[in-house]
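What the coordinates show
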Amino acid sequence: MFDLQDDRLPVEQHYRMSEVMVRFPVRCPVCSSESLMQFPVRIVSIILVELRCLQLFATCHRQYWGASDNEMQQIREYFELVYLPILAI
Ligand SMILES: [Zn+2]
């Protein structure tokens, strides 16, 4: 799954190809408390490009749910603001 040739690349490329994580806050649908989720940036970008729904998880209630349109929009904005500049290096 991961690129096994990573350690033969120059540092800049290694950094680009290593698994950068996207972190964003999610709100538990049961108790509304906020927690931080993280996904590999590669997974998030695929989901955003293909307009698929991200599966979210709240640790407090061990609850899974599909991200709503609103949540997907927030994740997209967060991703574009924070991670696109990093990936564009
Ligand atoms: Zn909860």
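Here the structure is a predicted model, which means the values were calculated and not measured. (Residues numbered from 1 in each chain as written. Predicted model: local features only at pLDDT ≥ 70, side-chain atom pairs only at ≥ 80, totals over all residues.)

Focus: the environment of glutamine 63
Selection rule: Secondary structure elements are defined from DSSP: runs of H or I of at least 4 residues count as helices, runs of E of at least 2 residues count as strands, and each element is numbered from the N terminus. Any residue with 12 or fewer other C-beta atoms within 10 Å of its own C-beta is exposed, any with 20 or more is buried, and the rest are partly exposed; the C-beta atoms used are placed from the backbone. For every residue pair, C-beta atoms are placed from the backbone, and the pair is scored as a contact if these atoms sit within 7 Å.
Turning to its location among the elements, glutamine 63 is positioned in strand E4 (residues 63–66). With 13 C-beta atoms packed within 10 Å, glutamine 63 lands in the partly exposed category. Along the chain, glutamine 63 and valine 30 lie 33 residues apart, while their C-alpha atoms are 8.1 Å from each other. Leaving out residues up to four positions away in the same chain, glutamine 63 has contacts with Cys28, Pro29, Val30 and Ala58.

Details of unusual backbone geometry
Although it is not a glycine, serine 32 sits at a positive phi angle of roughly 65 degrees. Looking at the element boundaries, serine 32 is found in the loop between strand E1 (21–27) and strand E2 (34–40). Overall, serine 32 belongs to the exposed group, with 9 C-beta atoms counted inside 10 Å.

A look at the environment of tyrosine 78
Along the polypeptide, tyrosine 78 turns up in helix H3 (residues 69–82). Distance from tyrosine 78 to proline 25, taken between C-alpha atoms, is 9.9 Å for residues 53 residues apart in sequence.

As for the environment of cysteine 28
Inspection of the secondary structure puts cysteine 28 in the loop between E1 and E2. Separated by 34 residues in the primary sequence, cysteine 28 and arginine 62 have C-alpha atoms spaced 9.2 Å apart. If we ignore the near neighbours within four places in the chain, the residues touching cysteine 28 are Ser33, Ser35, Ala58, Cys60, His61 and Gln63.

Here's the deal with the confidence of the model for the protein chain
The predicted coordinates of low-pLDDT regions are not to be read in fine detail. Where we set the bar: pLDDT: the predictor's confidence for each residue, scored from 0 to 100.
Residues with a pLDDT of 70 or more make up 78% of the protein chain, whose mean pLDDT is 81. Within the protein chain, helix H1 (residues 11–17) has the poorest average pLDDT of any element, 48, and E4 the best, 96. Across residues 1–15, where pLDDT falls below 50, the model places six contacts with residues more than four positions away in sequence or in other chains.

A look at the pairing of strand E3 (residues 55–58)
Our working rule: Paired strands, in this sense, are two strands between which DSSP finds at least two bridges.
On E3, burial follows the alternation: Leu56 and Ala58 on one face are buried, whereas Gln55 and Phe57 on the facing-out side are not. Of the pairings in the sheet, the one linking E3 to E4 comprises four bridges and is antiparallel in character. Among the inter-strand pairings, phenylalanine 57 is bridged to a residue of E4, identified as tyrosine 64. In textbook terms, the turn of a hairpin is the stretch between consecutive antiparallel strands, and for E3 and E4 this stretch comprises four residues, one of which, arginine 62, has a positive phi near 45 degrees.

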